[in-house]
Amino acid sequence: MAPHISTKPDWLDTIIKGDCVEALNKLPDNSVDVVFADPPYNLQLGGDLRRPDHSKVDACDDHWDQFSSFKAYDEFTRAWLQAVRRVLKPNGSIWVIGSYHNIFRVGAAMQDLGFWINNDVVWLKTNPMPNFRGKRFTNAHETLIWACPSQESKPTFNYDAMKTFNDDLQMRSDWVLPICTGHERLKDDNGDKVHPTQKPESLLYRVLLSTSNQGDVILDPFFGTGTTGAVAKKLGRHFVGCEREDSYIKAASERIDRVTPANDDFLAMTQGKRSLPRVPFGNLLETGLLTPGAELTDARGRFKATVRADGSLICGEHSGSIHKVGALVQGQQACNGWTFWHIKKGKSLEPVDALRQVVRSQMPK
């Protein structure tokens, strides 16, 4: 599938420096397909967090995560959500990730602004940071909200691809993934983390694979060290990020430059039957693949039916659609007539569904 942007805007595949609301003003209305937002969590840390041996924990205590009050955080949340809503396409998706400190406030703001929530997804961390003070449960998960601009939106959801990805099982809303560690964790010259809450690429891979297509534009209004951009580039998507910290922009740019996109030939998504264009049985008559009076039979030759000019079948006392007659002759409530009824091809039988595939192959892509 070719990217659906013919003339590349100058903001595409770039990081816009500045506050996210101000930066988003540089984007056109309805210009992005998917938003992944990892906003400040407003952790409300009361002093340094220390381990039992009194060593300091490298927690998120950066200035950008500090707000004077819940009211100030709520105002900030509504401002960036409104800015995002303007640039998101009507059938686009927005993902927001957070912890118990902020995700409920963000979710309420999203609903107040008219976003429609499709799912909440729980990221279960296989290697969470321990609870050093021993006064509460270990925080072993974060919550993602997947939403779209309105209840009428029809966002991309690659159901069949995600089922294939998950060994032919439906993808569930609990995702068991490790936090960002090892070679993936960006470090500065002193060996310290470049960003305290860098997300693992595995998380973004699953988000983008499930709700975007090749060539889509992915926006991250809190770009950080560029996990969203790196995965978007890897999967043949475009990205645009907003970030105000120079050190993060530098790290993200260098990181994304090192990414080699997957070959276009390998980016096609698994498509299920429900995604195929509908072909009425009557189309087989219109196109001459069947003619009135053609005889159909089931695979074992027990029942024979005649095709009429309007696409209905007649089989003894039964008449109606291929599905209705197929069900009636078997004494069943329902039947998939496309696979039940067959037509002779030489000395063998083939399901009429094969003729439907011929019609689909002739449809414009």
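Residues numbered from 1 in each chain as written. Predicted model: local features only at pLDDT ≥ 70, side-chain atom pairs only at ≥ 80, totals over all residues. Heavy atoms only, no water.

Draft legend 1. Looking closely at the overall build of the protein. The helix and strand inventory of the protein stands at 11 helices and 14 strands. Against the compact-globule benchmark of 21 Å for 365 residues, the protein has a radius of gyration of 27 Å, which places it well outside the compact range. Along the first, second and third principal axes, the C-alpha atoms of the protein reach 85 × 50 × 40 Å. Considering the protein as a whole, with its 365 residues, one finds that 45% of them fall into the buried category. Long-range contacts, defined here as pairs at least 24 residues apart, represent 68% of the contacts in the protein between residues at least 6 apart. Accessible surface computed for the protein: about 19,500 Å², of which carbon and sulfur atoms make up 50%. Side chains of the protein give 45 positive and 44 negative charges; the mean places of these two sets differ by 6 Å. (Helix = DSSP H or I, 4+ residues; strand = E, 2+ residues; numbered from the N terminus. Rg over C-alpha atoms; globule rule 2.2 N^0.38 Å. Buried < 20%, exposed > 50% of the residue type's maximum accessible area, 1.4 Å probe, protein only. Contact = heavy atoms within 4.5 Å. Areas by Shrake-Rupley, 256 points an atom, 1.4 Å probe, with all protein chains shown as cover. Lys, Arg positive; Asp, Glu negative; His and termini not counted. Charge placed at Lys NZ, Arg CZ, Asp CG, Glu CD.)

Draft legend 2. Geometry of helix α6 (residues 227-234). Counting buried positions along α6 yields six of eight residues, so the element is predominantly enclosed. For α6, the complete set of buried residues consists of Thr227, Thr228, Gly229, Ala230, Val231 and Ala232. Next to the buried residues of α6 lie β2 (32-37), α5 (201-211), β7 (217-220), β8 (238-243) and α7 (246-257). Directly beyond the C-terminal end of α6, a positive phi value near 75° is found at glycine 236.

Draft legend 3. Layout of the sheet that holds strand β1 (residues 14-17). Spatial ordering of the open sheet is given by β1-β8-β7-β2-β3-β5-β4-β6, a layout of eight strands whose pairing is mixed. The open sheet has two edge strands, β1 and β6 (174-177), and neither has a second partner. On average, each strand axis in the sheet is tilted by 20° relative to the strand beside it, whichever way the strands run. The sheet contact formed by β2 and β7 spans two bridges and is parallel. Considered in β7, the bridge of valine 35 is made with leucine 219. Contacting β2, β3 (88-98), β4 (116-125), β5 (141-148), β6 and β7, α5 crosses the sheet at an angle of about 145° to β6. Each of β1 and β8 touches α7; the most contacted strand, β1, lies at about 175° to it. (Pairing = 2+ DSSP bridges. Axes fitted to C-alpha atoms, helices over the stretch in contact; angles between N-to-C directions.)

Draft legend 4. How the structure looks around the pairing of β5. Counting buried positions along β5 gives seven out of eight residues, so the element sits mostly inside the fold. Both β3 and β5 contribute to a ladder of five bridges, which runs antiparallel. Its bridge partner being in β5, tryptophan 95 is matched across the sheet by tryptophan 146. Direction of pairing for β4 relative to β5: antiparallel, over a ladder of eight bridges. Counterpart to valine 121 in the pairing with β5 is leucine 144.

Draft legend 5. Summary view of the environment of cysteine 242. Relative to the elements of secondary structure, cysteine 242 occurs in strand β8. For cysteine 242, a relative accessible area of 1% gives the class buried. Separated by 228 residues in sequence, cysteine 242 and threonine 14 have C-alpha atoms that sit 8.8 Å apart. With residues up to four places along the chain from it excluded, the contact list for cysteine 242 reads Ile16, Cys20, Ala23, Leu24, Leu219, Asp220, Pro221, Phe222 and Phe223.

Draft legend 6. Quick peek at the nonpolar core. In terms of nonpolar packing, the biggest core is built from 33 residues, with Trp80, Ile94, Met110 and Leu219 touching the most fellow members. When contributions to this core are tallied by element, the ones reaching two or more residues are α1 (20-24), β2, α2 (70-87), β3, α3 (103-112), β5, β7 and β8. No other element matches α2, which puts seven residues into this core. Val34, Ile97, Leu203 and Leu208 belong to the second-largest nonpolar core, a separate cluster that totals 28 residues. (Core = buried A, V, L, I, M, F, W, Y, C linked by side-chain atoms within 4.5 Å.)

Draft legend 7. Seen up close, the sheet that holds strand β9 (residues 295-298). Taken together, six strands build an open sheet; the order of strands is β12-β11-β10-β9-β13-β14 and the sheet is antiparallel. The sheet is open, and its two borders are formed by β12 (318-320) and β14 (348-351), each paired with just one other strand. Taking the axes of each pair of neighbouring strands and ignoring which way they run, one obtains an average angle of 35° across the sheet. Relative to strand β13 (residues 341-345), β9 runs antiparallel, the two sharing two bridges. Its bridge partner lying in β13, aspartate 298 is registered against tryptophan 341. Of the strands in this sheet, β11 (313-315), β12 and β13 touch helix α9 (residues 322-330), which is tilted by about 155° from β12. Along the sheet, helix α11 (residues 353-361) makes contact with β13 and β14, crossing β14 at roughly 55°.

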